[in-house]
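# Coordinate analysis (summary)
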Amino acid sequence: MPEKKEQLYEGKAKKVYATEDPNLVIVSYKDDATAFNGAKKGTIVGKGVVNNRMSNLLMEKLSEEGIPTHYVKELSERETLVKKVSIVPLEVIVRNIAAGSLAKRLGLAEGTPMKRTVLEYCYKCDALDDPMVNEYHILAMEYCTEQELKTIADMAIKINAFLVGYFASINVELVDFKLEFGKTSDGQIVLADEISPDTCRFWDATTHEKLDKDRFRRDMGGVEDAYKEMMKRVLG
C-alpha cells in the first residue's frame, strides 16, 4: 500500500497527496459539490465514492481499448493511486446531444441530436470562468503543441465512441461530457481527472430522466439518488 504523504493540491472535488514515489500520487474524492465555477456550493452525500469507483472502472475499460490513462489502482472507496501528470490546461468537452450552454448558445432545443460529434475546448482558469478557446488560441498561447492537440482530439473521439456504446448497453444516453488530459514525466499524453456524473450528462435512455450533476445545478432534487443509480448501473 503506498504511503500517503503531504497534500499537494485541493480542488473543488478532490484532494491530491504525494507518495514515496515521485511519479505516483493519491487522489481522494470529496462529497463537496460546486456549480457555475464555484458560485453555487453544496454537498452530495456519497458522491466521492460514486465518482471514484465509477471513474476507475471506466478508466480500466478505456485502457483495454488502448487509451492510455493516469489510473494505476483503486486503494479504497474514495482513494485511488494515479500517475502524476502535468495537466494540459484545457477542458475538452465532447457533445453528442444539445444540452446546457450549447443549446443556449446555438438556440437549439435541449435534446436535439448533433449531426456529428462536437468537440469544444475551454481554457482551465477559474479567474476567467474557463473561457471557450479554439485551436488557434490554444497554439498561440502554447497550452500544448499542435501534435499534442491532435492526439487529444483523436483520443477524445475514440473515448466518446466507446463510452456511447457502453452507456447505451446500460440504457443511458451520454449527452455530453468533459475530459482532461495530462502529460507524464516522459511526455506521454494520458487521460486524467475523472468520468462521473460530475463531468458527464447522463440521461435515462427510456425516460430521459437526468442522472447527473444537472439535478444539483438546476435544484431538481433527487441528486444522491441519481448518482447512486448511475453507480448501480455501472458497477452492477
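Above: the structure in question.
Now for a description of the structure that goes with this document. The shown structure was predicted, so the numbers you read here are calculated from the model rather than taken from an experiment.

Parameters at a glance
- Residues numbered from 1 in each chain as written.
- Predicted model: local features only at pLDDT ≥ 70, side-chain atom pairs only at ≥ 80, totals over all residues.
- Heavy atoms only, no water.
- Helix = DSSP H or I, 4+ residues; strand = E, 2+ residues; numbered from the N terminus.
- Expected span 1.5 Å × (residues − 1).
- Buried < 20%, exposed > 50% of the residue type's maximum accessible area, 1.4 Å probe, protein only.
- Salt bridge = Lys/Arg side-chain N within 4 Å of Asp/Glu carboxyl O.
- Core = buried A, V, L, I, M, F, W, Y, C linked by side-chain atoms within 4.5 Å.
- Contact = heavy atoms within 4.5 Å.
- Axes fitted to C-alpha atoms, helices over the stretch in contact; angles between N-to-C directions.
- Parallel < 35°, antiparallel > 145°, perpendicular 65-115°, else oblique.
- Left-handed = near helix turned anticlockwise from the far one by under 90°.
- Pairing = 2+ DSSP bridges.
- Phe/Tyr/Trp six-rings, centres within 6.5 Å; stacked < 30°, edge-to-face > 60°.

## Some details on helix α1 (residues 47-64)
Given a rise of 1.5 Å per residue, 18 residues ought to cover 26 Å, and the 26 Å separating the end C-alpha atoms of α1 matches this to within 8%. Within α1 the residues assigned to the buried category are Lys 47, Gly 48, Val 49, Val 50, Asn 51, Asn 52, Met 54, Ser 55, Asn 56, Leu 58, Met 59 and Leu 62. Among the residues trailing α1, Gly 66 stands out with phi positive, at a value near 90°.

## A look at the pattern of salt bridges
Taken as a whole and judged by the stated rule, the model has 28 salt bridges. Of the charged contacts in the structure, one is a salt bridge between Asp 193 and Lys 14, with a shortest N-O distance of 3.0 Å. One end of the pair, Asp 193, is in the loop between β13 (189-192) and β14 (200-204); the other, Lys 14, is in strand β2 (residues 14-18), and 179 residues separate them in sequence. In this pair, the class of Asp 193 matches that of Lys 14, namely buried. Among the charged side chains, a salt-bridge network with shared partners connects Arg 95, Arg 105, Glu 110, Glu 120, Asp 176, Arg 201, Lys 210, Asp 214, Arg 217 and Arg 218.

## So, the nonpolar core
Ranked by size, the top nonpolar core spans 48 residues in total, and within it Leu 90, Ile 159, Phe 167, Leu 179, Phe 181, Leu 191 and Phe 202 carry the most contacts. Mapped onto this core, the elements with two or more residues apiece are β4 (32-35), α1, β9 (90-97), α4 (146-168), β12 (172-183), β13, β14 and α6 (223-235). The leading source of residues in this core is α4, at 9 residues. Aside from chain neighbours lying at most four places away, what touches Phe 167 is Met 54, Leu 58, Val 172, Leu 174, Phe 202, Met 230 and Val 234. Core analysis: the second largest hydrophobic core is formed by 5 residues, Val 16, Val 25, Tyr 29 and Val 82 among them.

## Side note on the packing of α1 against α4
In the contact formed by α1 and α4, the axes pass within 11 Å of each other and the chain directions differ by 120°. When the axis of α1 is compared with that of α4, the two are oblique. Judged by the twist between their axes, the crossing of α1 over α4 is right-handed. Residue-level contacts link Met 54, Leu 57, Leu 58, Lys 61 and Leu 62 of α1 to Ile 159, Phe 162, Leu 163, Tyr 166 and Phe 167 of α4.

## As for unusual backbone geometry
The backbone phi angle of Asp 193 is positive, close to 60°, even though this residue is not glycine. Given a relative accessible area of 14%, Asp 193 falls into the buried group. In this model, His 208 sits at a positive phi of 65°, which is unusual for a non-glycine residue. Mapped onto the secondary structure, His 208 falls in the loop between β14 and α5 (214-217).

## Comments concerning the pairing of β13
The alternating pattern of β13 places Ile 189 and Leu 191 and Val 190 and Ala 192 on opposite faces, both of which are buried. What sits between β12 and β13 in their antiparallel hairpin is a turn of 5 residues, with Gly 187 showing a positive phi close to 90°.

## A closer look at the packing of aromatic side chains
Tallying each qualifying case throughout the model produces 4 aromatic pairs. Their ring planes at 15° and their centres at 6.2 Å tell us that Phe 162 and Tyr 166 sit as a pair that is stacked. Of this pair, Phe 162 and Tyr 166 both sit in helix α4, 4 residues apart, which is roughly one turn of that helix. Residue Tyr 166 is classed as buried on the basis of its relative accessible area, which comes to 13%. Plain terms: the ring middles of Tyr 166 and Phe 167 are 5.2 Å apart, the flat faces sit at 70° to each other, and that makes the pair edge-to-face.

Purely geometric stuff here, so don't read any function into it on its own.
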